[in-house]
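# What the coordinates show
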Amino acid sequence: MPPDITVPATAPALSLDDLCVNTLRFLAVDAVQKANSGHPGLPLGAASMAYVLWTRFLKHNPSNPDWFNRDRFVLSAGHGSALLYSLLHLTGYAVPLDQIKQFRQWGSITPGHPERGVTPGVETTTGPLGQGFANGVGMAIAEANLAARYNQPGLSVIDHHTYGIVSDGDLMEGIASEAASLAGHLQLGKLIYLYDDNHITLSAATDMSFTENCAQRFDAYGWHTQTVVDGNDLMSIENALRRAKAETLRPSLILVRTHIGFGSPHKQDTFAAHGSPLGEEEVRLTKAHLNWPIEPPFYIPDSAQIYFSFALDRGKLAETQWSTTFASYEQEFPELATELRQLMTGNLPIDWDVELPQFPADVKGLSTRVASGKIMNAIAGRLPGLIGGSADLDPSTFTALTNLGDFQPSVSNIISTEDRQGSNGGGWSYSGRNLHFGVREHAMGAIMNGLAAHGGFTPFGATFLVFADYMRPPMRLAALMGLHVIYIFTHDSIAVGEDGSTHQPVEQVASLRAIPRLIVIRPADANETAEAWRMALTSTKQPVALILTRQHVPTLDRIQYASSEGLSHGAYILADAPNGDPDLILIASGSEVGLIVAAREALVKQGLKIRIVSMPSWELFDAQDVDYRNQVLPPSVTARLAVEAGISQGWHRYVGTKGDVLAVDCFGASAPGEEMMLKYGFTVENVCERALAILKSG
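Residues numbered from 1 in each chain as written. Predicted model: local features only at pLDDT ≥ 70, side-chain atom pairs only at ≥ 80, totals over all residues. Heavy atoms only, no water.

## Considering the overall build of the chain
Looking only at helices and strands, the chain features 24 helices and 20 strands. For 698 residues, the compact-globule estimate of 2.2 N^0.38 gives 26 Å, and the chain sits close to it at 28 Å. Along the longest, intermediate and shortest principal axes, the C-alpha atoms of the chain span 95 × 60 × 45 Å. Going through the 698 residues of the chain one by one, you find that 60% of them count as buried. A separation of at least 24 residues holds for 76% of the contacts in the chain among residues at least 6 apart in sequence. (Helix = DSSP H or I, 4+ residues; strand = E, 2+ residues; numbered from the N terminus. Rg over C-alpha atoms; globule rule 2.2 N^0.38 Å. Buried < 20%, exposed > 50% of the residue type's maximum accessible area, 1.4 Å probe, protein only. Contact = heavy atoms within 4.5 Å.)

As structure tokens, then:
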């Protein structure tokens with residue numbers, strides 16, 4: 001299209017479909033242009049398939065975005081957020097046009113990438129590519145599990161699909177491969193993704209880096225794949241979606257050949273359309289090319305507005321019909337209905353913790369990973385929303401929920417029915433509460449986010465602490481969204497031993513503590529581990545990471561030492577000096593608490609007044625008021641020694657300029673765990689020596 005194209009003042013007549021698609025396109029384009037920031041390419045190219053999905057398939061109620069049986073929609077290609085905001089506004093969500101005009105501005109509900117909890121109708125925070133793809137897998141698992149557990153013949157109270165729009169960038173990310181492989185194995189037939197196959201990345205055409213056959217790749221994963229050769233062929237898109245819905249044993253990927261920046265005379269099919277505004281002149285030319293009025297910006301034809309607004313009536317009707325079905329369900333199955341309502345509200349059952357175990361004092365004790373496993377199995381029966389698993393590490397993380405079954409498809413071409421006994425009792429079915437993620441830490445984290453965002457669950461996922469690095473992006477997003485997910489990280493220090501430095505975490509705890517809103521808890525013994533689980537389950541507005549030992553640690557005598565309930569404060573005085581302020585405060589977390597307990601006894605014999613403080617959670621301690629913090633760590637007592645088998649980073653805020661930190665500021669080595677702790681100075685003798693040095697220098 002030449003640059004001197006004639007621009008009409010008003011557009012000629014368009015079909016209603018074309019009018020609606022262009023309304024989506026140009027609301028997004030105008031929002032990006034006004035902000036002078038954003039991604040116009042995807043909205044221009046993907047508007048047609050989004051339009052078909054949202055007006056002909058998506059079951060949702062804009063007047064109640066939280067209706068539980070709605071279809072879930074994930075814009076994994078979160079850079080196309082302006083398209084999602086246009087859809088939300090036009091279909092009747094509480095996203096007014098003024099907010100579209102404030103796209104990417106301070107205080108708006110239309111941020112640069114979709115954020116759960118900020119914009120009504122946004123199911124999950126996306127933008128880091130591949131995360132939304134895996135979130136959707138978690139949502140599909142959630143639907144399948146709840147349906148298997150609660151639906152009854154003729155009364156399907158859980159019955160919805162998970163849809164998404166994914167991009168080239170999503171499919172390049174390794175997390176998408178992990179999640180797609182698992183989804184195919186699990187036969188998640190209610191998971192349907194539209195692939196915006198526009199052949200362009202941010203910096204180049206895909207033929208520079210991404211030339212694989214995606215259809216064959218997903219066929220190999222066990223997905224149902226289809227190709228739509230023209231991304232503006234609404235009927236072909238509709239037919240493909242209908243075929244995908246009819247496919248019940250495989251998740252679906254519909255490869256839709258689109259054109260990034262569609263309609264832009266100079267930027268269509270170029271990476272220039274990806275992440276920058278078109279520019280005022282190019283906006284004019286694009287509108288002219290697609291027969292759209294130049295003025296005013298943010299133009300919404302009445303007929304398009306009316307058509308999109310039908311979503312409100314359809315949504316209210318769908319929810320009303322579901323409510324009628326649920327009322328019948330409550331009459332016939334009152335106990336199941338009560339349990340399901342509790343899951344839908346996200347509230348903990350009454351007396352959920354009545355069987356939370358207490359552990360007797362024991363010098364030998366047990367590892368906190370073993371204690372955690374005992375705790376989980378003691379309470380799981382009263383917590384129907386507790387679901388999860390590990391990255392192929394159940395025997396090492398002790399996270400299997402005994403006799404609660406394995407979440408697996410009922411039909412399999414790989415394993416015969418008679419062989420499906422399950423590793424955790426209860427056999428194979430979608431009703432099982434043990435998830436087998438395989439060696440896929442990154443996908444595990446994002447799938448957990450999808451489960452939590454769907455609602456009805458408190459998901460947990462487990463791996464070795466050193467591999468927390470593999471799942472850091474979804475952990476960050478969980479914290480950003482305030483999702484209630486629980487991470488169980490075992491093998492927490494150099495005491496792992498012979499596996500060597502590759503498996504011995506040193507910087508991981510500090511790294512996790514750096515994530516805002518993530519509560520990190522490193523319990524000292526079995527009873528602190530029980531209290532850590534209490535905090536993890538009651539902290540419903542943020543994720544929690546439990547850091548657990550492989551080696552045995554003594555179970556402290558709580559008659560002699562303070563109650564483990566002090567864990568809820570993040571740090572507490574475990575034992576104090578008699579008669580006034582202590583000479584020195586020893587502080588530790590996790591397995592090193594037992595070490596400072598022994599060191600205190602040795603120092604007391606030398607006539608010193610010693611306070612010992614267990615500090616399992618910095619985040620919980622920092623949330624306490626100043627008076628409490630000063631009570632535990634009095635400013636007047638500057639002689640302090642912190643002991644933790646990880647890097648020292650961050651501990652100086654608690655020990656001050658006159659204190660010291662016994663830590664591991666280097667990588668580990670391969671040797672038995674006890675020898676490792678000895679070689680790195682985690683002994684009673686060295687703690688005492690460091691403590692005396694502080695007192696001498698002070």
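And the narrative resumes.
## A short note on unusual backbone geometry
Backbone torsion omega between Glu295 and Pro296 reads -5 degrees, so that peptide bond is classified as cis. By secondary structure assignment, the location of Pro296 is in the loop between helix H10 (280–289) and helix H11 (302–332). Positive phi outside glycine occurs at Phe298, with the angle close to 60 degrees. With respect to the helices, strands and loops of the structure, Phe298 is situated in the loop between H10 and H11. Judged by its relative accessible area of 9%, Phe298 is buried. The phi angle at Asn403 is positive, at roughly 65 degrees, despite the residue not being glycine.

## A look at the domain arrangement of the chain
When its domains are assigned, the chain resolves into domain 1 (16–315), domain 2 (362–415 + 422–555) and domain 3 (571–697). Summarising the inter-unit geometry, the C-alpha centres of domain 1 and domain 3 are found 52 Å apart. (Domains from an automatic or database assignment.)

## Observations concerning the side chain of Asn61
Relative to the elements of secondary structure, Asn61 occurs in the loop between helix H2 (41–56) and strand E1 (72–75). With a relative accessible area of 3%, Asn61 lands in the buried category. Polar contacts involving the side chain of Asn61 include one to the side chain of Ser63, which spans 2.7 Å. Within the local environment of Asn61, its side chain forms a polar contact with the side chain of Glu319, the two groups lying 2.7 Å apart. What Asn61 contacts, discounting residues up to four positions off in sequence, is Trp67, Tyr93, Leu312, Gly315, Lys316 and Glu319. (Polar contact = N/O pair within 3.5 Å; in protein donor to acceptor, adjacent residues only side chain to side chain.)

## Overview of the confidence of the model for the chain
In this model, the chain carries an average pLDDT of 95, and 96% of its residues clear a pLDDT of 70 or more. Confidence drops under a pLDDT of 50 for residues 1–11, and excluding neighbours within four residues, the segment shows 20 contacts in the predicted structure. Below a pLDDT of 50 lies the segment residues 413–420, which in the model reaches 7 contacts outside its immediate sequence neighbourhood of four places, other chains included. (pLDDT = per-residue confidence, 0-100.)

## So, helix H5 (residues 131–150)
Here H5 is 20 residues long and its end C-alpha atoms lie 29 Å apart, about the 28 Å a rise of 1.5 Å per residue gives. Among the 20 residues of H5, 19 are classified as buried, and the element is accordingly described as predominantly covered. (Expected span 1.5 Å × (residues − 1).)

## Considering the environment of Val439
Within the fold, Val439 resides in the loop between strand E10 (434–436) and helix H15 (441–454). Taking the C-alpha atoms as reference, Val439 lies 42 Å from Arg690; in sequence the two are 251 residues apart. With residues up to four places along the chain from it excluded, the contact list for Val439 reads Ala391 and Asp392.

## Regarding the UniProt feature "binding site: thiamine diphosphate" (unreviewed entry) in the chain
Per the UniProt entry, the sites bearing "binding site: thiamine diphosphate" (unreviewed entry) are His79, Gly127, Pro128, Leu129, Gly169, Asn198, His274 and Phe467 in this numbering. These residues run over 389 residues, and the two farthest C-alpha atoms among them are 34.5 Å apart, placing them at more than one spot. Examined against the element boundaries, His79 turns out to sit in the loop between E1 and helix H3 (81–91). Exposure remark for His79: the relative accessible area of 10% places this residue in the buried category. Ignoring anything within four residues of it in the chain, the contact list for His79 reads His39, Leu42, His113, Leu129, Ser167 and His274. Note that Phe467 resides in the loop between strand E11 (458–464) and helix H16 (472–481). In this structure Phe467 touches Glu441 and His503, once residues within four positions along its chain are discounted. (UniProt positions renumbered as here; feature names shortened; annotations may be inferred.)

## Focus: the pairing of strand E4 (residues 224–228)
Counting buried positions over the 5 residues of E4 gives 4, a clear majority of the element. Pairing between E4 and strand E5 (residues 252–257): 5 bridges, direction parallel. Residue pairing in the sheet places Val228 in a bridge with Val256 of E5. (Pairing = 2+ DSSP bridges.)

## Some thoughts on the UniProt feature "active site" (unreviewed entry) in the chain
Those residues carrying the UniProt feature "active site" (unreviewed entry) are Glu441 in this numbering. Mapping Glu441 onto the fold places it in helix H15. In this structure Glu441 comes out as buried when scored by relative accessible area, which is 7%. If sequence neighbours within four positions are ignored, Glu441 has contacts with Glu178, Ala391, Thr463, Phe467, Tyr470 and Met471.

## Topic: the sheet that holds strand E3 (residues 191–197)
Spatial ordering of the open sheet is given by E1-E2-E3-E5-E4, a layout of 5 strands whose pairing is parallel. Only two strands of the sheet have a single partner each, and these edge strands are E1 and E4. Direction aside, neighbouring strands of the sheet carry axes that sit 15 degrees apart on average. Direction of pairing for strand E2 (residues 162–167) relative to E3: parallel, over a ladder of 6 bridges. Paired with Thr162 across the strands is Leu191, a residue of E3. (Axes fitted to C-alpha atoms, helices over the stretch in contact; angles between N-to-C directions.)

## Focus on the environment of Gly132
Its location among the elements puts Gly132 in helix H5. The sequence separation of Gly132 and Trp322 amounts to 190 residues, and the corresponding C-alpha distance is 27 Å. In contact with Gly132, other than residues within four places in its own chain, are Val74, Ser76, Thr126 and Tyr193.

## Describing the side chain of Thr91
Mapped onto the secondary structure, Thr91 falls in helix H3. A polar contact of 2.7 Å, which involves the side chain of Thr91, links it to the backbone oxygen of Leu87. Contact partners of Thr91, with chain neighbours within four places excluded, come to Trp54, His60, Pro62, Phe308, Ala311 and Leu312.

## Section: the sheet that holds strand E20 (residues 660–662)
Taken in spatial order, the 5 strands of this open sheet run E16-E18-E17-E19-E20, and their pairing is mixed. Whereas interior strands pair on both sides, the edge strands pair on one side only; in this sheet they are strand E16 (572–575) and E20. Going across the sheet, the axis of each strand differs from the next one's by a mean of 30 degrees, ignoring polarity. As defined by bridge partners, strand E17 (residues 584–588) adjoins strand E19 (residues 640–643) across 4 bridges and the pair is classed as parallel. From the neighbouring strand, Ile585 faces E19, where its bridge partner is Arg640. Lying on the sheet, helix H19 (residues 592–604) is in contact with E16, E17, strand E18 (610–614) and E19; it crosses E17 at an angle near 160 degrees.

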